[in-house]
Amino acid sequence: MITLYDYELSGNCYKIRLLLSMLGIRHEKHAIEFYPAAEHRKEAFLAINPLGELPVLQDGELTLRDSQAILVYLASEYDTSGNWYPLQDPRTLATVTQWLCFANAITASAGGARLADGFFHPLDADACRSEAHRLFRVLDEHLWFQERERQDWVATTASPSIADIACFPYIMLSEEGGISRIDYPAIRRWTDRVKRIPGFIPMPGVFPAGPGL
Amino acid sequence: MIDLEAARYLWHPIAASSDLVPRHVFHAQILGRELALWRADDDNVNAWENRCLHRGVRLSIGINDGTELLCQYHGWRYANRTAGCTYIPAHPADAPARTICNNTYPAMEQYGLVWSGESPEGPLPVLSTVDTSFFTPLRAVTVNATSQDLLLPLIQGYTTRLPASDDNRPRYGADTPDAFTIILRVADRSQTGSTPVADIAFFLQPVDAGRTTIRGILCGIDEHNTDAQTLNDLLRFHNRLLCTIRDRLESTLADAPSPAPWIPIIAAVSENQASLPAMSDTGNSTPLRIRVASIDSLSPTVRHFRFEPLDDLPESQLPTAQPGAHIDVQLPNGLVRQYSLINGPGETDHYAIAVKREAASRGGSQALHEQLRVGDLLASSVPRNNFTLRRDAEHTHLIAGGIGLTPLLAMARALHHMGRPYTLHHFAAQDTELLFQSELQAMSGEYLCHVGLTPSQTAATMAELLATPDAHQHLYLCGPAPMLQCARDTAAACQWPEHTVHFEYFSNPEARDDSSAFEVDLARSGLSLNVPAGQSLLSVLRENGVTLPSSCEQGACGTCRVTVLDGTPDHQDVYLSESEKARGDCLMSCVSRARSQKLTLDL
């Protein structure tokens, strides 16, 4: 059985919950209270992940940290379609990886502003916000031109990839860090599309979309 | 400073038409005011104040279901076009008050853009000097700067030649017909080679005090006759240039103080929404003016009438209705008759009714069938709903008899659209009475017809249908009185809980007895009145200046309901259920009287 060390309000944990749900993988969750108890900094959890970061995934003997690494593992191991992480297609695989790294930058900026505003972390929230806006401008432009070429997803894949899942949570939660998405209409349309992927589940602060046409 | 006051009366672009994809809510802003902008499935573009009337949550995070916009917080539903609330999940048995209607703003589509504004007057910017055969919107670029800050850098970005020898961009001449419009015309078409060049119109959208969106359109490029790659390159080129202009301007303005924000004034509700409709002497007032837009035969005896507002001005917009609602229509012969609306969800630009020509017509159906012509003007009441549809039942059973299908049709359409489970039973004397068959067959709910049954067969079928009562399922019944009575009796015998059985009569089949005389005390008005034999309570109230709304005036529709504080009513209506009658805390003032000598009413 797969075990996810999970915190309900974490966008990085939410990525994993999303993909587990979309791939229909049975798992159990082990709740780690990030705030206010800071259980992720306690001895018991540090034994599992010396970095003291969530999420952590255990699958048999394998213990894996880092949300992007976990997404790569789950898609490679359990996705029979081969679409979520297209191992057979080096060029597409590289664009997926490129956007996985971009997702990390979103976590550091938009996610950082949310940590500062909502969880009282000593981060420079204004710097986080302006970096997030810089990234959102890049992503919105990319998605606008993708739409013109009838591409629905961040990487050049015909169906959603783990890059969409990796980028989604901290974009969707950006308003909790004081970052409005009003100037990013192509991002807003893309978030509707992600919400309509079969198996989508919400989290606190992320609402579901209605059915599409 | 831009002239904010003048800008309120202008049309501004707030989105590209292509931004409004189906089932999406676009988050727009103009002059500091946020708008929830959404396209319904009938292609109508709605521009609404971006807040739910309930708890102020942004409607731009709501759900566009193609006909209505749902707030994410408590699920209030607002109708396409009117923005009137149609359903409040926390009050599933009640029709929302007509005053629950969001602020709407005008919206129109032109040049590939969506235009709106606070109270725009006059025309859109006219593009007289460019090729207007085709418009291709550029990607909108939002800049953290005012429109005046932006005006010159934007023009210079397009007109200044770079020293580099490879600057083979087209040369433009600029014209600014108003403070928000820039027309760039290609000055020299000779050097352009194979790349298509186009005149450009830029519209500066004043988003808020410190933000402006550049909405550009390429003029005269036929996209269908242009290679997709070429067009994409062109769009990318302009996007790059606009982003460069943006980045340069923002860096020069980086240390400038940010301007004071524009605070939009959000009107509470419009005055005609807030004030209660005036009551006429007759009580069933018909303040709306409607035009007969079409008349179609649905069967040898049933016609479909489509009524539209007299014009498309916002003040002529028809008030919002919900499934189960009816209107009182004043007919050419002076009669006032009630008809259920059959509109589906989001069909808010007209009222639709289906009317059977009754052999024993008292003048209503005859007038509609014989006298009414397309183009005729009529007066109607605002929609009233005393037969409201709950949307939270585990299963909804709609049982119609003959033309009693009409309110249930509107209900079936709403339940189908919401994906709620329902079954529709249509009892009819003959096949020709089955209406809307192909639509009902195509819908998600089960649709069963029972044709030509005798009264005893009807009773047997009804007993079968209602054999297993369930407190989480609801019955809606409408049809001729004998069939309705049979259905109600069967439901009672099968022990359906009374609150799950909803019914609407066409008319009151019972003979009324107005031979009693009694007194009424009006607790609020401090009046004591005598109701003599031969006169209704309603008419005595009216004669003494106490007006209340009424509609059918025969105890069938529930409009003239009055709360009873003391005394025992003599119920003569067919609207209240048996337990409501037994409780004795309300009565229908048009037909009901008193068993006690005196009634005290909450009037």
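Note that this is a predicted model, so its numbers are computed, not measured. (Residues numbered from 1 in each chain as written. Chains lettered and ligands numbered in written order. Predicted model: local features only at pLDDT ≥ 70, side-chain atom pairs only at ≥ 80, totals over all residues. Heavy atoms only, no water.)

Peer 1: Account for the confidence of the model for chain B, naming residues and giving values.
Peer 2: For chain B, the average pLDDT comes to 91, and 95% of its residues sit at 70 or higher. Reported confidence for the predicted complex is 0.96 by ipTM and 0.92 by pTM. (pLDDT = per-residue confidence, 0-100.)

Peer 1: Can you break down the pattern of salt bridges residue by residue, with the values?
Peer 2: Working definition: two side chains of opposite charge can pair if their charged atoms are close together. Residues and elements named next belong to chain B. Tallied over the full model, the rule gives 44 salt bridges over all chains. Its salt-bridge partner being Arg8, residue Glu118 comes within 3.2 Å of it at the nearest N-O pair. Here Arg8 lies in the loop between α1 (4-7) and β1 (12-16) and Glu118 lies in the loop between β11 (113-116) and β12 (135-137), a separation of 110 residues in the sequence. Residues joined by salt bridges that share partners form a network here, namely Asp42, Arg81, Arg291, Arg306, Glu308 and Asp349. (Salt bridge = Lys/Arg side-chain N within 4 Å of Asp/Glu carboxyl O. Helix = DSSP H or I, 4+ residues; strand = E, 2+ residues; numbered from the N terminus.)

Peer 1: Describe the environment of Arg139 of chain B, naming the residues involved and giving the relevant values.
Peer 2: Locating Arg139 of chain B in the fold gives a position in the loop between β12 and β13 (141-143). A relative accessible area of 6% means that Arg139 of chain B is categorised as buried. Expressed as a C-alpha distance, the spacing of Arg139 of chain B and Arg236 of chain B, which sit 97 residues apart in the sequence, is 8.6 Å. In contact with Arg139 of chain B, other than residues within four places in its own chain, are Arg137, Asp140, Glu141, Trp144 and Phe145 of chain A together with Ile214, Asn239, Leu242 and Cys243 of chain B. A polar atom in the side chain of Arg139 of chain B sits 2.8 Å from the side chain of Asp140 of chain A. Among the polar contacts made by the side chain of Arg139 of chain B, one reaches the side chain of Asn239 of chain B at a distance of 3.0 Å. (Buried < 20%, exposed > 50% of the residue type's maximum accessible area, 1.4 Å probe, protein only. Contact = heavy atoms within 4.5 Å. Polar contact = N/O pair within 3.5 Å; in protein donor to acceptor, adjacent residues only side chain to side chain.)

Peer 1: I'd like a rundown of the nonpolar core, residues and numbers included.
Peer 2: Formed by 87 residues in total, the largest nonpolar core has its most connected members in Leu74 and Trp190 of chain A together with Tyr158 and Phe202 of chain B. Counting contributing residues per domain, this core is built from domain 1 (2-78) and domain 2 (90-195) of chain A, each supplying no fewer than three. Those residues within four positions of Leu74 of chain A in sequence are excluded, and the remaining contacts are Ile2, Ile16, Leu19, Leu20, Leu23, Ile25, Leu57 and Asp79 of chain A. Listed in part, the 27 residues of the second largest apolar core include Leu409, Ala412, Ala414 and Phe436 of chain B. (Core = buried A, V, L, I, M, F, W, Y, C linked by side-chain atoms within 4.5 Å. Domains from an automatic or database assignment.)

Peer 1: For helix α3 (residues 67-78) of chain A, give the residues involved together with the corresponding values.
Peer 2: Residues and elements named next belong to chain A. Here α3 is 12 residues long and its end C-alpha atoms lie 16 Å apart, about the 16 Å a rise of 1.5 Å per residue gives. For α3, every residue scored as buried is listed here: Ser67, Gln68, Ile70, Leu71, Tyr73, Leu74 and Ala75. Of the surrounding secondary structure, the elements contacted by the buried residues of α3 are β1 (2-6), α1 (11-23), β3 (56-59), β4 (62-65), α4 (90-119) and α6 (162-172). If you check the start of α3, you find a side-chain oxygen 2.9 Å away from the backbone N of Gln68, and it comes from Asp66. (Expected span 1.5 Å × (residues − 1).)

Peer 1: How would you summarise the sheet that holds strand β9 (residues 104-105) of chain B if you had to cite specific residues and measurements?
Peer 2: Residues and elements named next belong to chain B. Taking strand neighbours across the sheet as the criterion, the four strands line up as β2-β3-β4-β9 in an open arrangement whose pairing is antiparallel. Unpaired on one side and paired on the other, β2 (25-30) and β9 mark the two borders of the sheet. Inspection of the sheet shows strand β3 (residues 33-39) paired to strand β4 (residues 45-49) by five bridges, in the antiparallel sense. Looking across to β4, one finds that Arg39 is bridged to Val45. (Pairing = 2+ DSSP bridges.)

Peer 1: Tell me about the sheet that holds strand β29 (residues 518-522) of chain B, and name the residues and values.
Peer 2: Think of a sheet as strands paired side by side through backbone hydrogen bonds, with each pair either parallel or antiparallel. Residue and element names in this part refer to chain B. Read from one edge of the open sheet, five strands run β30-β29-β35-β31-β33, paired in mixed fashion. Looking at the sheet topology across the chains shown, the edges are occupied by β30 (527-531) and β33 (586-588). Mean inter-strand twist for the sheet, computed between neighbouring axes without regard to direction, equals 40°. Strand direction decides the pairing type here: strand β31 (residues 561-566) and β33, joined by three bridges, are antiparallel. Bridging across to β33, Thr563 finds its partner in Cys586. (Axes fitted to C-alpha atoms, helices over the stretch in contact; angles between N-to-C directions.)

Peer 1: How would you summarise the interface of chain A and chain B if you had to cite specific residues and measurements?
Peer 2: The interface is formed by 21 residues belonging to chain A together with 32 residues belonging to chain B. Here chain A packs against chain B, burying approximately 2,500 Å² in sum over the two surfaces, 47% of which is carbon and sulfur. Our enumeration of links across chain A and chain B arrives at seven salt bridges. Broken down by secondary-structure element, the contributors of at least two residues to the side of chain A that touches chain B are α5 (125-148) and α7 (185-195) of chain A. Top element by residues in the side of chain A that touches chain B is α5 of chain A. It accounts for six residues. A per-class count over the side of chain A that touches chain B returns nine nonpolar, two polar and 10 charged. (Buried area = accessible area lost by both parts, 1.4 Å probe. Nonpolar A, V, L, I, M, F, W, Y, C, P; charged D, E, K, R; others polar.)

Peer 1: Help me get a handle on the side chain of Asn49 of chain A, residues and values and all.
Peer 2: Residues and elements named next belong to chain A. Of note, Asn49 is situated in the loop between α2 (43-46) and β3. Of the polar contacts made by the side chain of Asn49, one reaches the backbone oxygen of Glu53; its length is 2.8 Å. Setting aside residues up to four positions removed in sequence, Asn49 forms contacts with Val56 and Arg65.

Peer 1: Explain the packing of aromatic side chains to me, using residue names and the numbers behind them.
Peer 2: Considering all chains together, one arrives at 23 aromatic pairs over all chains under this definition. Ring centres of Phe305 of chain B and Phe307 of chain B lie 6.4 Å apart, and the angle between their planes is 25°; this geometry places the pair in the stacked category. The class of Phe305 of chain B is buried, set by a relative accessible area of 0%. Cluster of aromatic residues (ring-pair linked, three or more members): Tyr7, Phe34, Tyr35, Phe119 and Phe120 of chain A. (Phe/Tyr/Trp six-rings, centres within 6.5 Å; stacked < 30°, edge-to-face > 60°.)

Peer 1: Could you give me a rundown of unusual backbone geometry, with the residues and numbers involved?
Peer 2: Residue and element names in this part refer to chain A. Cis geometry marks the peptide bond from Tyr35 to Pro36; its omega dihedral reads 0°. In the segment running from Leu54 into Pro55, the intervening peptide bond is cis, with an omega of -5°. Mapped onto the elements of the fold, Pro55 is located in the loop between α2 and β3. The phi torsion at Ala38 lies on the positive side, around 55°, for a residue other than glycine. Position of Ala38 relative to the elements: it lies in the loop between β2 (27-31) and α2.

Peer 1: Account for the side chain of Asp570 of chain B, with residues named and values stated.
Peer 2: All names here are of chain B. The residue Asp570 is located in strand β32 (residues 569-570) in this model. Relative accessible area serves as the criterion here: at 15%, Asp570 is assigned to the buried category. Engagement of the side chain of Asp570 in a polar contact is seen with the side chain of Gln572, the distance being 3.3 Å.

Peer 1: Which residues make up the domain arrangement of chain A, and what values go with them?
Peer 2: How large an interface is tends to be reported as the accessible area lost when its parts come together. Residue and element names in this part refer to chain A. Parsing chain A into structural domains produces domain 1 (2-78) and domain 2 (90-195). Between the C-alpha centres of domain 1 and domain 2 the distance comes to 21 Å. In this complex, domain 1 contributes 16 residues to the contact, which on the side of domain 2 involves 17 residues. In this assembly, domain 1 packs against domain 2 so that about 1,400 Å² is buried in total across both faces, 73% of it on carbon and sulfur atoms. Summed over the shared surface of domain 1 and domain 2, the number is zero salt bridges. Of all the secondary-structure elements, those providing two or more residues to the side of domain 1 that touches domain 2 are α1 and α3. Looking at side-chain class alone, the side of domain 1 that touches domain 2 contains 11 nonpolar, four polar and one charged residues.

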